[in-house]
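For reference, the chains in residue letters:
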Amino acid sequence: MQTPDTLGREKPTLRRQGIYLLPNLFTLAALFAGFYAVVQGMNKNFEYAAVAIFVAMILDGMDGRVARLTHSQSAFGAEFDSLSDMVSFGVAPALVAYEWMLTGMGKLGWMVAFIYCAAAALRLARFNTMIGIADKRWFIGMPSPAAAALVAGLVWICHEYGYNDLAILPWVALGFTAFAGVSMVTNVRFWSFKELHVRRKVPFVALLLVLLAILVLASKPALVLFGFFVCYGASGYVMALWEMLGRRRRPA
């Protein structure tokens with residue numbers, strides 16, 4: 001039986017176990033978007049599922065920034081974010097890809113879907129162990145949100161422009177899913193965009209370029225987002241090939 005004295009001593013412990021509400025609300029919303037993508041994928045509403053994955057990506061990018069701006073970073077938030085990422089960018093894209101095009105490819109289809117899912121888990125685990133060690137300018141391996149965007153973007157653009165009846169599409173989906181999965185666990189470096197500082201002064205023309213990008217994105221969101229992440233997915237390999245060729249040209 002707890003006495004008043006023991007209850008009084010436990011109060012500080014209970015207070016220390018509290019969590020920061022604001023950043024974890026964004027993480028919870030990202031988790032909901034990932035879960036919603038899974039549900040819509042099971043219900044064959046693949047376009048809704050793809051859009052939900054992109055919504056999860058936006059929310060995932062906001063929770064860390066909100067935590068830093070409000071000085072509410074915590075170990076709980078970091079763990080919660082990783083678990084949310086696993087659902088939104090690991091399980092959801094794999095299930096959506098499988099239900100969309102890979103289910104008709106037999107064992108090969110579910111094996112590739114599982115490879116993607118396992119690669120996302122490995123990518124997140126490796127990222128968590130490298131915090132504070134790796135160069136912040138680069139990601140080692142493609143980040144899981146970008147990999148999810150490759151898979152979800154393909155689904156979205158095919159529904160947007162009516163490509164679902166292409167005979168070769170199951171193999172394209174297989175290739176994109178496998179590429180996204182393998183890219184997450186490679187040692188290829190991808191730019192992290194952490195060198196961009198919005199608080200710095202920029203030329204006036206930069207604002208016009210941002211305005212133009214927003215207009216293009218608003219007019220063709222599926223095409224623009226898919227094209228951007230295809231270029232981002234290729235950028236790491238292009239840079240790695242360029243560096244390899246540069247080393248070969250140097251005199252011994």
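Residues numbered from 1 in each chain as written. Predicted model: local features only at pLDDT ≥ 70, side-chain atom pairs only at ≥ 80, totals over all residues. Heavy atoms only, no water.

Going by the annotation in an unreviewed UniProt entry, the name recorded for the protein chain is CDP-diacylglycerol--serine O-phosphatidyltransferase, with Crenobacter luteus given as the source organism. For the protein chain, the Catalytic activity (unreviewed entry) comment in UniProt is given as "a CDP-1,2-diacyl-sn-glycerol + L-serine = a 1,2-diacyl-sn-glycero-3-phospho-L-serine + CMP + H(+)". Looking at the protein chain in UniProt, the text filed under Sequence similarities (unreviewed entry) is "Belongs to the CDP-alcohol phosphatidyltransferase class-I family." (UniProt positions renumbered as here; feature names shortened; annotations may be inferred.)

Along the protein chain, the regular secondary structure elements total nine helices and two strands. Counting from the amino terminus, the protein chain carries its helices and strands in the arrangement α-α-α-α-α-β-α-α-β-α-α. Residues counted as buried form 36% of the 252 residues belonging to the protein chain. Partitioning the contacts of the protein chain with sequence separation of at least 6, the portion at a separation of at least 24 is 82%. Carbon together with sulfur atoms contributes 70% to the accessible area of the protein chain, which is approximately 15500 Å² in total. (Helix = DSSP H or I, 4+ residues; strand = E, 2+ residues; numbered from the N terminus. Buried < 20%, exposed > 50% of the residue type's maximum accessible area, 1.4 Å probe, protein only. Contact = heavy atoms within 4.5 Å. Areas by Shrake-Rupley, 256 points an atom, 1.4 Å probe, with all protein chains shown as cover.)

Let's shift gears to the UniProt feature "transmembrane region" (unreviewed entry) in the protein chain. The feature "transmembrane region" (unreviewed entry), as annotated in UniProt, sits at residues 20-39, 108-126, 138-157, 169-190, 202-218 and 224-242 in this numbering. As annotated, residues 169-190 has a helix share of 77% and a strand share of 9%, and its two end C-alpha atoms lie 27 Å apart. Split by type, residues 224-242 is 100% helix and 0% strand. Its first and last C-alpha atoms lie 26 Å apart.

Right, let's get into unusual backbone geometry. Of note, K44 is a non-glycine position whose phi angle comes to about 70 degrees, a positive value. Following the sequence through the fold, K44 ends up in the loop between α2 (21-42) and α3 (46-69).

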